[in-house]
Amino acid sequence: MAEQAQTAVTSGTKQPELVKGLGLFDSTMIVCGSMIGSGIFIVSADIVHQVQSPALLLVVWIVAGIMTLIGALSYGELAAAMPQAGGQYVYLRESLGPLWGFLYGWTLLLVIQTATIAAVAIAFAKFTAVLIPWFSAGAWIWKMGTVGTWQFWFGTLGPYNVGLNHQNLLAILSIVLLTWINTRGLRIGKIVQNVFTVAKVGSLAGLVIIGFWSSTMIARQVNFSDFWRNAGLWVMHPYPPEHPIWTIGTMSLVAVAMVGALFSADAWNNITFTAAEVKNPSRNLPLSLALGTGIVILLYTLANVAYLRVLPFSGDPNGTTAVARGIEFAADGRVGTAVAEVAFGPAGAIVIAIAILISGFGCNNGLILSGARVYYAMSKDRLFFKSVGKVNKFHAPAAALVVQCIWAAVLCLSGTYSQLLDFLIFAVLIFYILTLSGLFILRWKRPDMERPYRAFGYPFLPGLYLVMAVFIEIQLLRYKPQYTWPGLIIVLLGVPVYFLWKQAGKSSPALD
């Protein structure tokens, strides 16, 4: 096989290692496929609920898109200069030190990657239940009970319904299947990724076309006759909207409302985890980051314009039709489904359910394929179990894939994944801030490092990203403490774990 003939990525060993099997198209599909999940079909309802303005809905998505593009263009420099397995883990290790790389890998395994995999798998199962009602969350096979709630200074955790039901059984089986596929080698994993990503990019583009084609008079009148309502820079907004505690400015409102948009546009960095397997990485890594994020952000923006052309931005929560409920009160927040129902009637729910099944399956394949490479890299640095740093006869990091699979399955069973996702974006932004700070540090510490590609707009655009991200983090700490402190605590718990692991590694060959 062509893959087998590739030179081993890690030199100095006769053991099989990762092989270079990803071209530009494959890499771009990993970027697109990891980004597009179910979020774009759902989160606009919550954003509208917070901003109460059609203009600010688009502003939130556009600003999130600009941040994503700047981040991707900046990461291109790091990826081209250090095309190693682990990607962002390596950049943090090289710029800030091994502790920071470990904290990223720790948080990735504990929450960022695995909770996302669990949530995408549950969404996959939920929409399967639209087609096959047997996969219901209410049909329990084994229920351990309800755990929680617990009160903390930042808010409430729980309750969690722990156990196995038809829904999370399907979610776990989908994770196990995709993990098994990726243990069979990069070639099979990338074929699955390419097929499903092409299908879901086409599905999302189709939703955009449907939205423009099926526009309604009432949506155009309500949304565009007073497009900029409540969007003035100096307007003060009650927040949170359902039980106001504060009045906040428009910039702060956009920042706190961006959580859903940023989450939906996240995971673009996953291609860097597989950098050691990308052919001609100095060219293909920066290009795939730019192309992949550009395609997705364009589709996301157009999708929200399409939503505004079909559905009023607000409506009646008790409305009997999709148009009457509007974007804000779309049934279960399923804005994409509501648009399809306007175009196709009741069959629209099935159309979108199929689109989300394709989207979720392809998204999780990309997350599962790439995430394991970080734990593999940590093991190579003696910061994780030694066995996780080995590959099987198919040149796949099988042990790393299995560890990731087990923890994601536990999160599915625990019922905690949804709250973990709330904590996620704060932790994610912390590491984006640290990594882009590392870009500046490496320019200063290692000016002679070979850089086949230099960050577009440096230092202004990376600097702008840092300012925007820090501003968002501050606003989240001020106005959404229940979603920020837990994420910060999870990161900080990794500090003693790092030193304990370093100490244990000196005496235990299994950890060495």
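Provided above is the structure to which this section pertains.
The rules behind each value
Residues numbered from 1 in each chain as written. Predicted model: local features only at pLDDT ≥ 70, side-chain atom pairs only at ≥ 80, totals over all residues. Heavy atoms only, no water. Helix = DSSP H or I, 4+ residues; strand = E, 2+ residues; numbered from the N terminus. Contact = heavy atoms within 4.5 Å. Areas by Shrake-Rupley, 256 points an atom, 1.4 Å probe, with all protein chains shown as cover. Lys, Arg positive; Asp, Glu negative; His and termini not counted. Charge placed at Lys NZ, Arg CZ, Asp CG, Glu CD. Buried < 20%, exposed > 50% of the residue type's maximum accessible area, 1.4 Å probe, protein only. Pairing = 2+ DSSP bridges. Salt bridge = Lys/Arg side-chain N within 4 Å of Asp/Glu carboxyl O. Phe/Tyr/Trp six-rings, centres within 6.5 Å; stacked < 30°, edge-to-face > 60°. Lys NZ or Arg CZ within 6 Å of the ring centre and 35° of its normal.

Draft legend 1. Seen up close, the overall build of the protein. Helix and strand counts for the protein stand at 20 helices and six strands. Restricting to contacts in the protein with at least 6 residues of sequence separation, those with at least 24 account for 77%. If you sum the accessible surface of the protein, you get close to 20,000 Å²; carbon and sulfur atoms cover 68% of it. Within the protein, one finds 31 positive and 20 negative side-chain charges whose respective centroids are separated by 8 Å.

Draft legend 2. Layout of the pairing of strand β5 (residues 236-239). Of the two faces of β5, only one is covered, namely that formed by His 237 and Tyr 239; the face formed by Met 236 and Pro 238 stays uncovered. Sheet analysis places β5 next to strand β6 (residues 246-249), joined by four bridges and oriented antiparallel. Along β6, the bridge assignment pairs Tyr 239 with Trp 246.

Draft legend 3. Structural detail: the pattern of salt bridges. In the structure shown here, the tally under the stated rule is eight salt bridges. Residue Glu 77 is joined to Arg 443 by a salt bridge in which the shortest nitrogen-to-oxygen separation is 2.7 Å. Here Glu 77 is found in helix α4 (residues 54-81), whereas its partner Arg 443 is found in helix α18 (residues 417-445), with 366 residues between them in sequence. Exposure remark for Glu 77: the relative accessible area of 2% places this residue in the buried category. When its relative accessible area of 18% is taken as the criterion, Arg 443 is described as buried. Ionic pairing is found between Arg 93 and Glu 94, a salt bridge with its closest N-O pair at 2.9 Å. With relative accessibility at 26%, the residue Glu 94 sits in the partly exposed group. Because the salt bridges share partners, they merge into one network encompassing Arg 93, Glu 94, Asp 381 and Arg 446.

Draft legend 4. Looking closely at the packing of aromatic side chains. One pass over the full model with this rule turns up 20 aromatic pairs. Between Trp 134 and Phe 135, the ring centres sit 5.1 Å apart and the planes meet at 85°, which makes this aromatic pair edge-to-face. Assessed through its relative accessible area of 16%, Phe 135 is described here as buried. Taken together, a centroid distance of 4.9 Å and an interplanar angle of 45° make the contact between Phe 196 and Phe 361 tilted. Here Phe 196 is found in helix α8 (residues 186-213), whereas its partner Phe 361 is found in helix α16 (residues 347-380), with 165 residues between them in sequence. Members of the aromatic cluster, connected to one another through ring pairs, are Tyr 75, Tyr 91, Trp 268 and Tyr 432. Taking the ring centre of Tyr 458 as reference, the NZ or CZ of Arg 443 above it sits at 3.8 Å.

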